[in-house]
2 protein chains.
Amino acid sequence: MAKQANSKTRSVRGSRTGRPIMALLDLLGRRWALRILWELREEPLTSRALRTACDEASPTVLQARLTELREAGFVELGDGGGYGLTALGRELCETFMPLHRFAERWKR
Amino acid sequence: MAKQANSKTRSVRGSRTGRPIMALLDLLGRRWALRILWELREEPLTSRALRTACDEASPTVLQARLTELREAGFVELGDGGGYGLTALGRELCETFMPLHRFAERWKR
DNA sequence: CGTATTGCTACGTTATTTGTAGCAACGGAA
DNA sequence: TTCCGTTGCTACAAATAACGTAGCAATACG
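Nothing here was measured: the structure is a model prediction, and the numbers come from that model.

Thresholds, definitions, all that
Residues numbered from 1 in each chain as written. Chains lettered and ligands numbered in written order. Predicted model: local features only at pLDDT ≥ 70, side-chain atom pairs only at ≥ 80, totals over all residues. Helix = DSSP H or I, 4+ residues; strand = E, 2+ residues; numbered from the N terminus. Buried ≥ 20, exposed ≤ 12 C-beta atoms within 10 Å, placed from the backbone. Near = placed C-beta within 6 Å. Nonpolar A, V, L, I, M, F, W, Y, C, P; charged D, E, K, R; others polar. Contact = placed C-beta atoms within 7 Å. Least-squares fit on C-alpha atoms with pLDDT ≥ 70 in both. Core = buried A, V, L, I, M, F, W, Y, C linked by C-beta atoms within 7 Å. Axes fitted to C-alpha atoms, helices over the stretch in contact; angles between N-to-C directions. Parallel < 35°, antiparallel > 145°, perpendicular 65-115°, else oblique. Left-handed = near helix turned anticlockwise from the far one by under 90°.

## Quick notes on the overall build of chain A
Summing up its helical and strand segments, chain A has six helices and two strands in all. Each helix (α) and strand (β) of chain A, taken in turn from the N terminus, gives the series α-α-α-α-β-β-α-α. Within chain A, the proportion of its 108 residues that are buried is 37%.

## Things to note about the protein's contact with DNA strand C
Contacts to DNA strand C come from 20 residues, most closely from S58(A), T60(A), T46(B), S47(B) and P59(B). Of all the elements in the fold, those that place two or more residues in the surface near DNA strand C are helix 4 (59-71) of chain A together with helix 3 (47-53) and helix 4 (59-71) of chain B. Grouping the constituent residues of the surface near DNA strand C by class yields nine nonpolar, eight polar and three charged.

## Some thoughts on the interface of chain B and chain A
Chain B puts 37 residues into the contact, and the matching count from chain A is 37 residues. Mapped onto the side of chain B that touches chain A, the elements with two or more residues apiece are helix 1 (20-28), helix 2 (33-39), helix 5 (87-95) and helix 6 (98-106) of chain B. Broken down by element, the side of chain B that touches chain A gets its largest block of residues, seven residues, from helix 6 of chain B. Classifying every residue of the side of chain B that touches chain A gives 22 nonpolar, four polar and 11 charged.

## Notes on the environment of T95(A)
Along the chain, T95(A) falls in helix 5 (residues 87-95). Those residues in contact with T95(A), other than ones at most four positions away along the chain, are F96(B), P98(B), L99(B) and F102(B).

## Observations regarding the relation of the copies chain B and chain A
Between the two copies, chain B and chain A, the superposition gives an RMSD of 0.1 Å; the rotation angle is 180° and the shift along the axis is 0.0 Å. Given the turn and translation reported, the copies of this chain are related as if by a two-fold rotation axis. In terms of proximity to the rotation axis, the leading residue of chain B is G29(B), whose C-alpha is 2.2 Å off the axis. Comparing interface residues between copies, 76% of those in chain B also sit at the interface in chain A, which points to an isologous, same-surface contact.

## Here we look at the nonpolar core
Core analysis: the largest hydrophobic core is formed by 57 residues, its most contacted members being L24(A), A33(A), I36(A), L37(A), A33(B), I36(B) and L37(B). Among the elements that take part in this core, helix 1 (residues 20-28) of chain A stands out by supplying seven residues, more than any other. Look past the residues within four positions of I36(A) in its chain and what remains in contact with it is L50(A), C54(A), R65(A), L66(A) and L69(A).

## Section: the packing of helix 6 (residues 98-106) of chain A against helix 1 of chain B
Two quantities define a packed helix pair, namely the angle between the axes and the distance from one axis to the other. The N-to-C vectors of helix 6 of chain A and helix 1 of chain B enclose an angle of 110°; their axes lie 8 Å apart at closest approach. The orientation of helix 6 of chain A with respect to helix 1 of chain B, classified from their angle, is roughly perpendicular. Residues L99(A), H100(A), A103(A), E104(A) and W106(A) of helix 6 of chain A pack against P20(B), I21(B) and L24(B) of helix 1 of chain B. Class assignment for the residues of the contact of helix 6 of chain A with helix 1 of chain B results in six nonpolar, one polar and one charged.

## Observations concerning the packing of helix 5 of chain A against helix 6 of chain B
The interhelical angle for the contact between helix 5 of chain A and helix 6 of chain B, taken along N-to-C directions, is 160°, at an axis separation of 9 Å. On the basis of the axis angle, helix 5 of chain A is roughly antiparallel to helix 6 of chain B. As for how helix 5 of chain A packs across helix 6 of chain B, the hand of that crossing is left-handed. Residue-level contacts link E91(A), L92(A) and T95(A) of helix 5 of chain A to P98(B), L99(B) and F102(B) of helix 6 of chain B. The residue inventory of the contact of helix 5 of chain A with helix 6 of chain B, partitioned by class, reads four nonpolar, one polar and one charged.

## Quick look at the environment of L28(A)
Relative to the elements of secondary structure, L28(A) occurs in helix 1. You can call L28(A) buried: it has 23 C-beta atoms within 10 Å. Sequence spacing of L28(A) and R65(A) is 37 residues, and the spatial spacing of their C-alpha atoms is 9.5 Å. Not counting chain neighbours up to four residues away, the residues in contact with L28(A) comprise A33(A), L34(A) and L34(B).

As structure tokens, this is what we get:
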């Protein structure tokens with residue numbers, strides 16, 4: 001079922017500067033994007049399981065984010081179904097893993 | 001395959017899960033939130049300067065994010081005016097600073 | 001006084017997200 | 001084969017968030 005993510009060529013806000021960090025901050029600053037990466041951090045999940053993990057977020061947004069994250073090369077759809085992180089995605093996930101510890105101390 | 005996602009019953013938006021990481025991911029997953037922290041990483045900026053730095057984002061959202069980030073304790077409004085990171089905010093900023101290097105390698 | 005900042009808000013338009021329902025395709029069991 | 005349950009994914013209208021422009025009161029210069 002490994003299908004190619006369709007290319008919508010959506011203009012990424014903040015990418016006008018040509019600075020990748022802006023595009024990345026914009027991509028990750030969309031709803032559920034960070035959460036999706038977080039939920040996939042340990043193992044691949046089916047779209048349904050991911051939705052459950054993301055607190056029943058609407059499939060519309062999840063699908064949109066998954067497509068964007070796939071186009072970015074962070075997420076992939078495995079042959080046997082189920083979404084998982086690519087090597088790049090796993091690497092990205094690692095970079096904000098310390099956020100977990102920070103959040104624990106933060107509490108709010 | 002579909003591993004049963006455990007009992008996550010509530011919306012992240014309300015942060016009723018009791019898990020700080022979810023609240024944090026939600027807060028940072030709002031538009032311009034990450035960008036604001038990023039732009040303040042070196043020095044405080046006035047609201048106008050911040051707006052310029054954030055690619056002329058509308059003051060409505062910026063103000064909303066700044067209020068949220070202030071309530072979270074990441075940003076503060078200095079005596080002489082100008083928004084800056086708190087000690088906590090600086091710490092948070094550090095945790096995703098490696099994102100910069102990652103983005104450079106990513107390029108897309 | 002006039003002028004130019006500051007942080008901040010009102011408001012109408014547009015874009016995004018939500019929630020619910022449902023699709024076609026595949027697989028296993030009967 | 002048919003039935004059932006799953007997969008990834010989409011349609012659609014309503015709700016929400018963001019955008020863009022304008023402008024406010026307060027402060028600080030001159």
